[in-house]
Amino acid sequence: MGYEVAEGPEVEKDYYNFEALNLPKGHPARDMQDSFYITEDILLRTHTSPVQARTMEAKEGRPFRIICPGKVYRRDNDDATHSHQFTQIEGLVVGEGIRMSDLKGTLDLFAKKMFGEDREIRLRPSYFPFTEPSVEMDISCFKCGGSGCNVCKGTGWIEILGAGMVHPNVLRMGGYDPETVSGFAFGMGPERIAMLKYGIDDIRHFYTDDIRFIAQFHRAES
Ligand code: DAH
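In this text the structure is predicted, and so the values were computed from the model without any measurement.

Undergrad: Would you take a moment to explain the site of the ligand for this structure?
TA: Close to the ligand lie 16 residues; His-47, Ser-49, Arg-74, Gln-88 and Glu-90 are nearest. Taking His-47, its side chain carries an N or O atom lying 2.9 Å from a nitrogen atom of the ligand. Between the ligand and Ser-49 there is a distance of 3.0 Å, counted from a nitrogen atom to a side-chain nitrogen or oxygen. For the ligand, the protein covers 90% of the area, taking 360 Å² as the surface of the free molecule. Contributing elements (two or more residues each) for the shell around the ligand: β5 (85-95), β8 (157-166) and β9 (182-188). Taken together, the residues of the shell around the ligand sort by class into five nonpolar, nine polar and two charged.

Undergrad: What's the story with the pattern of salt bridges in this structure? I'm lost.
TA: Opposite charge on two side chains allows them to pair when their charged atoms are near. As enumerated under the stated definition, the model contains 13 salt bridges in all. The residue Arg-30 makes a salt bridge to Glu-19 at a minimum N-O spacing of 3.4 Å. Highlighted residues: Arg-30 in the loop between α1 (14-17) and β3 (42-44) and Glu-19 in the loop between α1 and β3, separated in sequence by eleven residues. You can call Arg-30 buried: its relative accessible area is 12%. With a shortest N-O distance of 2.6 Å, Asp-210 and Arg-212 are connected by a salt bridge. A single salt-bridge network, built from bridges that share partners, covers Asp-14, Glu-19, Lys-25, Arg-30 and Asp-41.

Undergrad: Can you help me understand helix α2 (residues 50-59) in this one?
TA: Side chains three or four residues apart in an α-helix point the same way, a direct result of the helix having 3.6 residues per turn. When you tally the buried positions in α2, you get seven out of ten residues, the bulk of the element. Of all the residues in α2, the buried ones are Pro-50, Val-51, Gln-52, Ala-53, Thr-55, Met-56 and Lys-59. Downstream of α2 by a residue or two, Glu-60 has a phi angle that is positive, lying close to 45°.

Undergrad: How should I be thinking about the state of the cysteines in this particular structure?
TA: Two cysteines joined by a covalent bond between their sulfur atoms form a disulfide. Under the defined criterion, the tally for this structure stands at zero disulfides. Summary of cysteine pairing: Cys-144 is not part of a disulfide, and the nearest cysteine sulfur, belonging to Cys-152, is at 3.7 Å. The thiol of Cys-149 is unpaired, and the distance to the nearest cysteine sulfur, on Cys-141, comes to 3.7 Å.

Undergrad: What is the right way to look at the packing of aromatic side chains in this model?
TA: Two measures describe an aromatic ring pair: the distance that separates the ring centres and the angle between the ring planes. All told, the structure shown has nine aromatic pairs when counted by the stated rule. Taken together, a centroid distance of 6.5 Å and an interplanar angle of 25° make the contact between Phe-184 and Phe-186 stacked. Pair check on accessibility: Phe-184 and Phe-186 agree, each one buried. An aromatic cluster is present here, built from Tyr-198, Phe-206, Tyr-207, Phe-213 and Phe-217 joined pairwise through their rings. Sitting above the plane of the Tyr-16 ring, Arg-54 keeps its charged end 4.2 Å from the centroid.

About the cut-offs
Residues numbered from 1 in each chain as written. Predicted model: local features only at pLDDT ≥ 70, side-chain atom pairs only at ≥ 80, totals over all residues. Heavy atoms only, no water. Near = heavy atom within 4 Å. Polar contact = N/O pair within 3.5 Å; in protein donor to acceptor, adjacent residues only side chain to side chain. Areas by Shrake-Rupley, 256 points an atom, 1.4 Å probe, with all protein chains shown as cover. Helix = DSSP H or I, 4+ residues; strand = E, 2+ residues; numbered from the N terminus. Nonpolar A, V, L, I, M, F, W, Y, C, P; charged D, E, K, R; others polar. Salt bridge = Lys/Arg side-chain N within 4 Å of Asp/Glu carboxyl O. Buried < 20%, exposed > 50% of the residue type's maximum accessible area, 1.4 Å probe, protein only. Disulfide = S-S within 2.5 Å. Phe/Tyr/Trp six-rings, centres within 6.5 Å; stacked < 30°, edge-to-face > 60°. Lys NZ or Arg CZ within 6 Å of the ring centre and 35° of its normal.

Here it is as structure tokens:
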């Protein structure tokens, strides 16, 4: 689909992790992501979204599509569903005429490839400072097909990722004119997706190197 892989540093500037993503100092949404600060202006990145801001800067106004995989850090207590270090995969498409329907079509294709051809998606209104409008994507439950079970907690739907249309402020700070250029973005946690897909009950299995866990998975040849 024409995406290139982009990466950024794990030790990141406050500017890219927050400010350039429409989260100025003092913004209440900063509290959604408890951060490990190294100095006042440098922290361990709390998400892969700073790669959005860095890439926009580097592309100097040209259109692009990127996927950004990488490690992220949060000041969370480790338990079955939280880890102080985990991974995310971010997507960003910027160019003329990029529409919400492009985002929806892209997410629908991803859901079907990842969880099966008969999966349906639903977008719920949500809030992220760097997108407007913002959505959360659910997939129809791959275990019960929507009738309700333990995997989907009886709702028929499973929350998979956050996404939206890139906020005009974010485009502007990245050197793009929101009057002529638009974009969509999405971000997801591969551990959560793998936990759902393979029925893994504890995120710590990914990091504690138990060979009995690791040996169940094989790297797909590309
Ligand atoms: N950065 C968000 C988080 O870590 C996830 C996210 C949501 C990324 C929406 C996006 C997006 O690119 O459009 O919670």
